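What the coordinates show
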Amino acid sequence: MAFKFPSDEWIKELANQLNANQAYERAAKDWEGDFIFVVEPDEAYDKTAYLFLGLYHGKCTGAAMLSGEGEREAEFILRAPYTSWRNVIEGKLDPIQGMMTRKLQVKGNMMKIMRYPKAAKEIVACCALVPTEFVA
Amino acid sequence: MWYFVSPQIVFGDGAMTALDDLKGSRALIVTDSTLVRLGLVEQVKARLERAGFQVHIFDRVRPDPDVETVLEGAEVARTFEPDWIVGVGGGSPLDAAKAIWVLYERPDLHPAEINPITPLGLRRKARMVAVPTTSGTGSEATMGIVLTDREERRKMGLGNREAVPDIAIVDPRMAAAMPPQLTADTGLDALAHAIEGYTCAWHTDFADGLCFNAARLIFRYLPAAVADSADLEAREHMHNAATCAGLGFSNSLTSIAHSMGHALGAAFHIHHGRAVGICLPYTIEFAAGQAPERYADLAALLGFSQAGGEEGARALAGAVRDLCRRIGNPTCVAETGLSRADYETQLDKLVDDAFNDTSMMSAVRSPSYDEFRQLFIYAYEGKPVDF
């Protein structure tokens, strides 16, 4: 069964994958900080989607598709056009390189993110484990 | 898309004369007390003064510079108000000089906030010249700034493209005073930069040629430079190779050997170049099992093996170990004299620190926690990696 991206079901399945992933748990054992991923419209996708991921000490504490950016508080907001997110999920765009080339815009404490590159890689690896049906 | 960033590089015997043409009024030299004592800093100071500069020297940089030192240096800069920061030394003074420059222009930042993503807005107050005296970290050509968090005993791999120095003066006579052990250790650091820059997941067409040629020069000239410090031909090629390797990896990345080396250096104060030189063959063997291609390519280009695949990659690992032996360097951590008991007390921390080192971002085969632990054990014992 494939999960549509972006959707509430997709982000919840990502949470399941993260909570089952020992490599992520180890890499992020000291991490505290929630994320909102903002999927912005582009030629392939004409809406804006907001995906919340709560992360604390190697576990995902919550995941949901939001109706707007202000619906939940999060320490980090990553925004990018739909196609860039698709490229991250499909492994075509390294998320750290994406941030360095501004394909992914980051709001939040960069000092903190740069101390956990392995955790970031494991999150992307878990994205690849979610059977995904891209909406466009 | 990606970037390629380089300083203006003035190289060769006599490159120091480029300082005679520097335009400005106040130069802050950032260095360490050993280089002052050796007279190398005086050479730089004298040229700057002849060029019309008022010069101040900050020589409090120690090996593996820490946050406190660069904060102190930044305070000195804010008082002196230089329009040029001149880093003189090996990686420690050069990285410290970059950090001091950033903090001088951005007093609102904590050093740990220097990252490759957030623009810094440098060059409103000063620009930077880097004069390397080792061959070497390549810091004169890189965006990297490695600082040590003394409290956590962890190295922080920081950096920003804007922190690449404006000018790198790569004069082999500035490295000629290096004793054999330092020549060997810093030469291995340069080799690790070249090999990891070529083989990491972030390799690029622009960096490949620099990395390959640097590796070729190092394999050829490092033994001669270690054996005879007066061999100027060897010194010059090594000095150029180190800058090439730095330029190469700065525009791609390093990888697991540097993650492990940073952790070892922070925990046990093993010289960085010696540490990465020890770890490099084990990390090549680890990658060889699943992603050997780039290593095998490099082995073929360097003439070590045309076999390709895992066999070719392992030949490259063997060549690195052979080079270490030729120059009298250890090929495993045990040979450094560190006891097994002391090593094992830090094993969890070594793995944790290496696991989240920024160099891990570009690993072609990313180890699990248990695999990383095994890698550290094999690197201690000197056992070729077989998993």
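What counts, and where the lines are drawn
Position numbers for residues count from 1 along each chain, tracking the sequence in the order it is written. In the order they appear in the text, chains get letters beginning with A and ligands get numbers beginning with 1. Per-residue local features of the predicted model are confined to residues with pLDDT of at least 70, and side-chain atom pairs are confined, for both listing and counting, to 80 or more; whole-chain, interface and lining totals are unaffected and use all residues. Secondary structure is summarised from DSSP: a helix means a run of H or I of at least four residues, a strand means a run of E of at least two, and numbering begins at the N terminus for each. Based on C-alpha atoms, the radius of gyration is set beside the globule rule, defined as 2.2 Å times the residue count to the power 0.38. Put plainly, a residue is buried at 20 or more neighbouring C-beta atoms within 10 Å of its own, exposed at 12 or fewer, and partly exposed in between, counting only other residues' C-beta atoms, which are placed from the backbone. Our contact criterion uses C-beta atoms placed from the backbone: two residues qualify when those atoms are within 7 Å. Think of each axis as a best-fit line through the C-alpha atoms, taken over the contacting stretch in the case of a helix, with angles from 0 to 180 degrees between the N-to-C directions. Here is the rule for angles: anything less than 35 degrees is roughly parallel, anything more than 145 is roughly antiparallel, 65 through 115 is roughly perpendicular, and the remaining ranges are oblique. Note: crossing handedness is left-handed where the near helix turns anticlockwise from the far helix by less than a right angle, and right-handed where it turns clockwise. Under the convention adopted here, Pro, Cys and the residues Ala, Val, Leu, Ile, Met, Phe, Trp and Tyr are nonpolar, Asp, Glu, Lys and Arg are charged, and Gly plus all remaining residues are polar. We call two strands paired when DSSP finds no fewer than two bridges between them. A set of buried residues qualifies as a nonpolar core if it consists of Ala, Val, Leu, Ile, Met, Phe, Trp, Tyr and Cys joined through C-beta atoms within 7 Å. Note that domain bounds follow an automatic or database assignment of domains.

1. Notes on the overall build of chain A
- Looking only at helices and strands, chain A features six helices and seven strands.
- Listing every helix and strand of chain A by position from the N terminus yields β-α-α-β-β-β-β-α-α-β-α-α-β.
- Since a compact globule built from 136 residues should have a radius of gyration of about 14 Å, the 14 Å found for chain A is in line with a globular shape.
- With respect to the three principal axes, the spread of C-alpha positions in chain A is 40 × 35 × 30 Å.
- Counting only residues that meet the buried cut, chain A has 43% of its 136 residues in that class.
- Counting only contacts in chain A whose residues sit at least 6 apart along the sequence, the fraction spanning at least 24 positions is 68%.

2. A word on unusual backbone geometry
- Cis geometry is adopted by the peptide bond preceding A:P6, which originates at A:F5 and carries an omega value of 0°.
- Turning to its location among the elements, A:P6 is positioned in the loop between β1 (3-5) and α1 (8-19).
- Of note in the backbone geometry, B:D64 takes a positive phi value of approximately 55° without being a glycine.
- You can see B:D64 is positioned in the loop between β3 (54-58) and α3 (67-80).
- Of note in this structure, B:H269 is not a glycine but carries a positive phi near 55°.

3. Notes on the packing of helix α5 (residues 180-199) of chain B against helix α9 (residues 272-288) of chain B
Residue and element names in this part refer to chain B.
- One can describe the packing of α5 onto α9 by two numbers: an axis separation of 7 Å at closest approach and a directional angle of 50°. Overall, the two elements α5 and α9 adopt an arrangement that is oblique. Relative to α9, the crossing made by α5 is left-handed. Residues D185, T186, L188, D189, A192 and I195 of α5 form the contact with α9, whose own contacting residues are H272, G273, R274, V276, G277 and L280.
- Of the residues in the contact of α5 with α9, the class split is five nonpolar, four polar and three charged.

4. A word on the sheet that holds strand β8 (residues 167-170) of chain B
All names here are of chain B.
- Spatially, β1-β8-β5-β4-β2-β3 is the arrangement adopted by the six strands of the open sheet, whose pairing is parallel. The sheet is open, and its two borders are formed by β1 (8-11) and β3, each paired with just one other strand. For this sheet, the mean angle separating the axes of adjacent strands, direction not counted, is 20°.
- Pairing of strand β5 (residues 127-132) with β8, which is carried by two bridges, proceeds in the parallel orientation.

5. Overview of the sheet that holds strand β3 (residues 49-56) of chain A
Residues and elements named next belong to chain A.
- Spatially, five strands are ordered β4-β3-β2-β5-β6 in an open sheet, and the strand pairing comes out mixed. Unpaired on one side and paired on the other, β4 (59-66) and β6 (105-107) mark the two borders of the sheet. Each strand of the sheet is rotated relative to its neighbour by a mean of 15°, with strand direction disregarded.
- Where strand β2 (residues 35-40) and strand β5 (residues 76-81) come together, six bridges link them in parallel fashion. By the bridge assignment for β5, F37 is matched with L78.

6. Some details on the nonpolar core
Residues and elements named next belong to chain B.
- Counting 178 residues, the largest nonpolar core has V86, I100, A214, I218 and L316 as the members making the most contacts within it.
- With 13 residues, helix α6 (residues 205-227) is the single largest residue contributor to this core.
- Once you skip the residues sitting within four places of it in the chain, V86 turns out to touch A27, L28, I29, V44, L48, V129 and V131.

7. Regarding the domain arrangement of chain B
Residue and element names in this part refer to chain B.
- Taken domain by domain, chain B consists of domain 1 (8-174) and domain 2 (180-381).
- A C-alpha centroid distance of 25 Å is found between domain 1 and domain 2.
- The partner domain 2 presents 26 residues to the 25 residues of domain 1 that form the contact.
- Elements with a contribution of two residues or more to the side of domain 1 that touches domain 2: β1, β6 (144-149), β7 (154-159) and β8.
- Broken down by element, the residue count for the side of domain 1 that touches domain 2 peaks at three residues, all from β7.
- Residues that form the side of domain 1 that touches domain 2 fall into these classes: seven nonpolar, twelve polar and six charged.

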